[in-house]
Amino acid sequence: MAGDSRVLMDRDMEIGVTPGQVKKLPKHLREAQISTERTHLISDPAKKPRQRYVQKDGKCNVHHGNVQETYRYLSDLFTTLVDLRWRFSLLIFTLVYVVNWLFFGLLWWLIALIRGDLVHADEEGWTPCVENLNSFVSAFLFSIETETTIGYGYRVITEKCPEGIVLLLVQAILGSIVNAMMVGCMFVKISQPKNRAETLMFSHKAVISVRDNRMCLMFRVGDLRNSHIVEASIRAKLIRSQQTKEGEFIPLNQTDINIGFDTGDDRLFLVSPLIISHEINEKSPFWDMSQAQIEKEEFEIVVILEGMVEATGMTCQARSSYLDTEVLWGYRFTPVLSLENGFYEVDYNSFHDIYETNTPSCSARELAAKLREAPLLPQLSTLTAAATTAPDPRAFPLDRPPSKDPLSQDEDMEDGDAGGDRGETNGSAAVLEGQPLPDGLTD
């Protein structure tokens, strides 16, 4: 019985039993279905979720670890401060000013302590270095007033304190440098063009379909703002692992995808949403990929849009990516631009919408080969029709040759006697006699 059930189960696997049909089988047959090797061959393994190299919002999913030479970050301190997160930037901004004020407040307090101003401050005829500076708190407040140029007028430096004058100059100069660096960092961080990239849109999916008899990979970009991106340009990279002929494994190898660099189509006038097209030709990495191969491949397409912000003149870069599961074969984008009364209107509700279209499932190479053969098909059909309508020698009696072309009747009359001497000829010879002989051959 077990052997019969195993045979029945294998036969069901060969003919492809659907899940609904499997449930109708007896329980012991449903349980015995699990461990045959044929099930692994029939069922397609599900794709594992692939880790993104670049997130949809443009953030690169790469973390730098085991960096030994951390001093390199301090060599470019300004960029390090700008790249910090906002909470760390605000913390450093506050600490720098507080520490600076405390440091110079301590120096003012030490001058007053060394000169004896803290002891003799209330004595008549005593000229202190800084009037009304009688404690560390008052020295700290004087440091803040000096560096921020508030000047309340209660604590004032006198002319009989040369060390205080020198310290005042040093604090004014260093304070200006600290102000320039910290205010500059905050200004650059606030005005970073990263925020401008938030209003640049990329379609959720990329599509592959035929355009002008050529297979094309397409995606859509758009700008939500009325202020335009000046000198906008776009480029794309194919990210996938590769193994060389020598056996070297290259993880996340980057390959350029031509989206109009040689024709200038990569330079955009991004006033309304545009469909960016990559023609899959001989130089394309997708040249030999059919629909089935695309679904099996593991890759990621990174698209980069660059340009200058019209309002600030700063360079802006927006990024996005498409995994292999986000590249759909046989689809096109829904139009979003419509003509209204005196203007064009963009419907961003349909920005990500696509619709299915008839697209051959073969690769671009096979499609190009079929299109090259297409002009020859009418000629081949004409030759085939002529061959089928040619006279069959067996259709004529032996004493009655087939009819000749009217243009060759004169020649037949002239060669009547010669034909009688030759005797009877078959249909093939009759057909050949009406045709001109090649050059260099004579009767």
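Keep in mind that what you see is a predicted model, and the values were worked out from it rather than measured. (Residues numbered from 1 in each chain as written. Predicted model: local features only at pLDDT ≥ 70, side-chain atom pairs only at ≥ 80, totals over all residues. Heavy atoms only, no water.)

1. Quick notes on the packing of helix α7 (residues 86-115) against helix α10 (residues 162-190)
Short version of the rule: Axis lines are fitted to C-alpha atoms, over the contacting stretch for helices. Their N-to-C directions set the angle, which ranges from 0 to 180 degrees. Segments assigned H or I by DSSP are reported as helices when at least four residues long, segments assigned E as strands when at least two residues long, and all are numbered from the N terminus. Put simply, angles under 35 degrees are roughly parallel, angles over 145 are roughly antiparallel, angles from 65 to 115 are roughly perpendicular, and the rest are oblique. Amino acid classes used here: Ala, Val, Leu, Ile, Met, Phe, Trp, Tyr, Cys and Pro are nonpolar; Asp, Glu, Lys and Arg are charged; the rest, including Gly, are polar.
In the contact formed by α7 and α10, the axes pass within 11 Å of each other and the chain directions differ by 175 degrees. Relative to α10, α7 is oriented roughly antiparallel. A breakdown of the residues in the contact of α7 with α10 according to their chemical character gives 19 nonpolar, six polar and three charged.

2. Digging into the confidence of the model for the chain
This is how the line gets drawn: What pLDDT conveys is the predictor's confidence in a given residue, as a value from 0 to 100. In what follows, a contact means two residues having at least one pair of non-hydrogen atoms within 4.5 Å.
The predicted model of the chain averages 77 in pLDDT, with 73% of residues at 70 or higher. The least confident element of the chain is helix α4 (residues 37-42), whose mean pLDDT is 36; the most confident is strand β11 (residues 331-333), at 96. The model gives residues 1-44 a pLDDT under 50, and that stretch makes 25 contacts with residues more than four places away or in other chains. Across residues 386-443 the pLDDT falls below 50, and counting only partners more than four positions away or on other chains, this stretch makes 13 contacts in the model.

3. Details of helix α9 (residues 136-147)
Rules: Helix span, as expected, comes to 1.5 Å for every residue beyond the first. Partly exposed describes any residue whose relative accessible area lies between the buried limit of under 20% and the exposed limit of over 50%, with all areas from a 1.4 Å probe on protein chains only and scaled to the type maximum.
For α9, spanning 12 residues, the distance from its first C-alpha to its last is 17 Å, which sits close to the expected 16 Å at 1.5 Å a residue. Most of α9 sits inside the fold, with nine of its 12 residues counted as buried. Those residues of α9 not exposed but buried are Ser138, Ala139, Phe140, Phe142, Ser143, Ile144, Glu145, Thr146 and Glu147. In this structure, the buried residues of α9 make contact with α7 and α10. Of the residues one or two after α9, Thr149 is the one with positive phi, at around 55 degrees.

4. Digging into a positive patch on the surface
Put simply, the rule is: Residues with no salt bridge and a relative accessible area higher than 30% make up the patches, which join like charges within 9 Å and nonpolar side chains (Val, Leu, Ile, Met, Phe, Trp, Tyr) within 5 Å. To be clear on the numbers: accessible area is Shrake-Rupley with a 1.4 Å probe, and residue cover counts the displayed protein chains and nothing else. What makes a salt bridge here is a side-chain nitrogen of Lys or Arg within 4 Å of a carboxyl oxygen of Asp or Glu, nothing more. Under this rule, positive means Lys or Arg and negative means Asp or Glu; His and the chain ends count for nothing. Every charge is mapped to an atom, namely NZ of Lys, CZ of Arg, CG of Asp or CD of Glu.
A surface patch of positive charge is lined by Lys59, Arg85, Arg87 and Lys194. The residue Arg85 is located in the loop between α6 (77-83) and α7 in this model.

5. Describing the packing of α7 against α9
Rules: Note: crossing handedness is left-handed where the near helix turns anticlockwise from the far helix by less than a right angle, and right-handed where it turns clockwise.
Two numbers describe how α7 lies on α9: the axes approach to 8 Å, and their chain directions differ by 120 degrees. In terms of axis orientation, α7 runs oblique to α9. The two elements α7 and α9 cross, and the hand of that crossing is right-handed. Taking contact as the criterion, the partners of Asn100, Trp101, Leu102, Phe104, Gly105, Leu106, Trp108 and Trp109 in α7 are, on α9, Phe136, Ala139, Phe140, Phe142, Ser143, Ile144 and Glu147. Its residues assigned to classes, the contact of α7 with α9 shows 11 nonpolar, three polar and one charged.

6. Focus: the packing of aromatic side chains
Put simply, the rule reads: Pairing of aromatic rings covers Phe, Tyr and Trp, the last through its six-membered ring, and needs centres within 6.5 Å; plane angles under 30 degrees mean stacked, over 60 mean edge-to-face, and all others mean tilted.
All chains considered together, the criterion is met by eight aromatic pairs. Here the aromatic rings of Phe93 and Tyr97 are separated by 5.1 Å at their centres, their planes lie at 65 degrees, and the arrangement is edge-to-face. Placement of both Phe93 and Tyr97 in helix α7 is noted, with a separation of four residues, approximately one turn of the helix. For Phe93, a relative accessible area of 24% gives the class partly exposed.

7. Considering the pairing of strand β9 (residues 315-323)
Note the cut-off: Two strands pair if DSSP finds at least two bridges between them.
Note: strand β8 (residues 300-309) against β9, nine bridges, orientation antiparallel. Within β9, the residue paired with Gly307 across the bridge is Cys316. Counted along the chain from β8 to the antiparallel partner β9, the turn is five residues long, and its residue Gly313 has a positive phi close to 80 degrees.

8. Quick notes on the pattern of salt bridges
A full pass over the atoms with the stated rule returns 11 salt bridges. Put simply, Glu306 and Arg235 hold a salt bridge, and the shortest N to O gap is 3.4 Å. On the criterion of sequence distance, the pair formed by Glu306 in strand β8 and Arg235 in strand β4 (residues 229-243) is long-range, its members being 71 residues apart. Under the relative-accessibility criterion, Glu306 is labelled partly exposed at 24%. A relative accessible area of 37% places Arg235 in the partly exposed class. Residue Glu297 is joined to Arg240 by a salt bridge in which the shortest nitrogen-to-oxygen separation is 3.7 Å.

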